[in-house]
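Observations on chain architecture
Given next are the chains, with one letter for each unit.
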Amino acid sequence: MKDLLPGQVAIRTHRISFLFLLLLLSCSSMAVESDTLRKEKMPMQIKDVVVRDHARRTVYHSPQTPGYTCWAYVWRLPDGSPMITLTQATGPMEGRKRTPAEILRHMPGAQQKTAAYDFTGLSLENVYLHSTDGGKTWAKVAAEPFVSCMNGMLAGGVLALRDGALLRNVWGQNLVYSDILPTGFLQRSADKAKTWGKPEYISQDPQLQTWPKRIRQLRDGRLVMTGSAAPYDPDKWVWEDQFPKSRACLWVSKDPSGKSWDAPLYVAPKGVSTEEWDLAELDNGDLLAIFRTYDSRRCQSLLVKHGDTWAPGPLQATPFPPSGQPELLVTREGIILYIDQLGIWWTVDRGTTWTKFDMHGSAYYPSAVQLDDGAILVVSHVGCDDPYGKNDQSILLDTFRLVVAGKAGQ
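These lines cover the structure that appears in this document, whether it is placed above or below. Per chain, residue numbering runs from 1 following the sequence as it is written. Thresholds applied to this predicted model are a pLDDT of at least 70 for local features of residues and 80 or more for the giving and counting of side-chain atom pairs; totals over whole chains, interfaces and linings are not thresholded and use all residues. Hydrogens and water are ignored here; the side-chain numbers use all heavy atoms of the structure.

Counting its regular elements, the protein chain contains five helices and 25 strands. Only protein chains enter the calculation, and the probe is 1.4 Å; a residue is then buried if its accessible area is under 20% of its type maximum, exposed if over 50%, and partly exposed in between. Within the protein chain, buried positions represent 56% of all 410 residues. In what follows, a contact means two residues having at least one pair of non-hydrogen atoms within 4.5 Å. For the protein chain, contacts bridging at least 24 residues in sequence account for 59% of all contacts bridging at least 6. The method behind every accessible area is Shrake-Rupley, applied with a 1.4 Å probe, and residues are considered shielded solely by the protein chains displayed. Accessible area for the protein chain stands at about 17800 Å²; split by element, carbon and sulfur atoms hold 55% of it. Numbering of helices and strands starts at the N terminus; helices are DSSP runs of H or I of at least 4 residues and strands are runs of E of at least 2.

Structure representation (structure tokens):
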């Protein structure tokens, strides 16, 4: 592969005057002092970041051609080894029965208008891959069938808990042939994705519909989950009406097993009705958030930590072009990466500046982890949110490492 050029980042040094410190000491409690000084911590100083050992290969293709595989997600098990999940569809290209009209009217317009977006009659599976050699080889360890008119059921979040169990989120809205409420829920597996438990609904409010996405674990052990929520009537809801009403939100679980979750914390103004956003935990506990708006723009916000919660900051523009699900990765080197199919950017100053690497991005809907040896793994799928049979889809894996020069800071 082509050698990649280093990026540059502008470094801003924050100075706190002696008079300001005196005023702070006289007007604030020790707890407030500590919190304020924490937030004024100087950003790490990086002179250069270089990507090396970049490689790309296909790690999975459907047994059928053209293949239909999408919505790949990667995470680490407690032993550090990576797993991947993906959605696969196989079956006839034409001649399938359509979804019953009573069900179809709740679904997105594409499913209603275009037969190739209606996945009724296809063999649908959640496929699980595991690697024990740092991502060099992958073994298929589970294949979970499901039935839907939609092209997936998994919401895009899987986390290995500290007790070894897997926790995943699901869109019940997609499981139209099952006795499932049309809202988001969690499931857990004790056998590395071979079997999954009963639905655990995120919200107990029967008039709140949830659309979960990423699941992350904070340094203090709490779990957080990104997504959106909207008020709804379970008997009357229609897909096209709900998304404009939804608001980006964050759920927090103080329980490290994720069996109970707080009420949604709305993290963006009304009108930012997107479930597609991701976060990165900063050194001081603040959260850097990147949102995909419904016109596909990218905006960011700093969620400032106050005790056990966060106060959303104003939305700001980003240099990122329109794309799919945002993906952020906090690296061992102290650098935060933003990854999508149009490029990979990095920041060390809380998102104030972003520098783009001289390399191609991922394919569609990336998901990333970093292994203990520093290797970064990014999975994504060829194609887009496609109708069945349009593209020969496959699952790609990008691997690379970071080399940091001039690392300094407090």
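Structure shown, so let's carry the discussion forward.
By the convention used here, strands pair only if DSSP detects at least 2 bridges between them. Overall, antiparallel pairing links the four strands, which are arranged β2-β3-β4-β5 in an open sheet. Edge positions in the sheet fall to β2 (68-76) and β5 (139-146), since each of these pairs with one other strand and no more. Shown here is a sheet whose adjacent strand axes are inclined to one another by a mean of 20 degrees, direction ignored. Here the axes come from fitting lines to C-alpha atoms, over the contacting stretch only for helices, and the angles between their N-to-C directions go from 0 to 180 degrees.

Put simply, buried Ala, Val, Leu, Ile, Met, Phe, Trp, Tyr and Cys residues joined by side-chain atoms within 4.5 Å make one nonpolar core. Counting residues in each nonpolar core, the largest one holds 27 residues, and the members touching the most others are W75, M83, A89, F119, Y128 and L166. Considering every element that reaches this core, the biggest residue donor is β2, with five residues. Ranked by size, the runner-up nonpolar core spans 17 residues in total, among them L329, I335, L337 and F400.

A word on the layout of surface pockets. A 1.4 Å probe that fits into a set of points on a 1 Å grid over the protein atoms alone but cannot get out defines a cavity; an open set with protein on both sides within 12 Å along at least five of seven lines defines a pocket, and lining residues are those with an atom within 4 Å of a point. Grid points are joined across faces, edges and corners, and a volume is the space filled by probe spheres set on the points. By volume, the second largest pocket amounts to about 860 Å³. Lining the second largest pocket are 37 residues, with W171, E275, E276, Y365 and D385 positioned closest to its centre. The set of elements that each furnish at least two residues to the lining of the second largest pocket consists of β2, α4 (109-113), β6 (154-160), β7 (166-171), β10 (208-217), α5 (239-245) and β23 (364-370). Split by residue class, the lining of the second largest pocket holds 18 nonpolar, eleven polar and eight charged. Residue polarity is assigned by list, with Asp, Glu, Lys and Arg as charged and Ala, Val, Leu, Ile, Met, Phe, Trp, Tyr, Cys and Pro as nonpolar; anything else, Gly included, falls into the polar class.

Further remarks concern the environment of L303. Of note, L303 is situated in strand β16 (residues 298-306). Discounting chain neighbours no more than four positions away, the residues touching L303 are V267, W277, D286, L287, A289, W310, A311 and P312.

Within a regular strand, side chains alternate between the sheet's two faces. Along β23, seven of the seven residues are buried, which leaves the element largely enclosed by surrounding structure. Across five bridges, the pairing between β23 and strand β24 (residues 376-381) is antiparallel. Note on β24: the bridge partner recorded for Y364 is H381. Linkage of β23 to β24, two consecutive antiparallel strands, is achieved through a turn of five residues, within which G374 is found at a positive phi near 95 degrees.

What counts as a salt bridge is simple: a side-chain nitrogen of Lys or Arg found within 4 Å of a carboxyl oxygen of Asp or Glu. Inspection of every chain in the model, using the stated rule, returns 16 salt bridges. Across the pair R52 and D53 runs a salt bridge, and its minimum N-O distance is 2.3 Å. Of the residues examined, D53 reaches a relative accessible area of 49% and is grouped as partly exposed. Between E327 and R214 there is a salt bridge; the shortest N-O distance is 2.9 Å. Note that E327 is positioned in strand β19 (residues 327-330) and R214 in strand β10, a separation of 113 residues in sequence.

Our focus in this paragraph is the pairing of β19. The sheet contact formed by β19 and strand β20 (residues 336-340) spans four bridges and is antiparallel. Looking at β20, one finds that E327 is bridged to I339. Turn length for the β19-β20 hairpin, with the two strands adjacent in sequence and antiparallel, is five residues, and the turn residue G334 shows positive phi of about 85 degrees.

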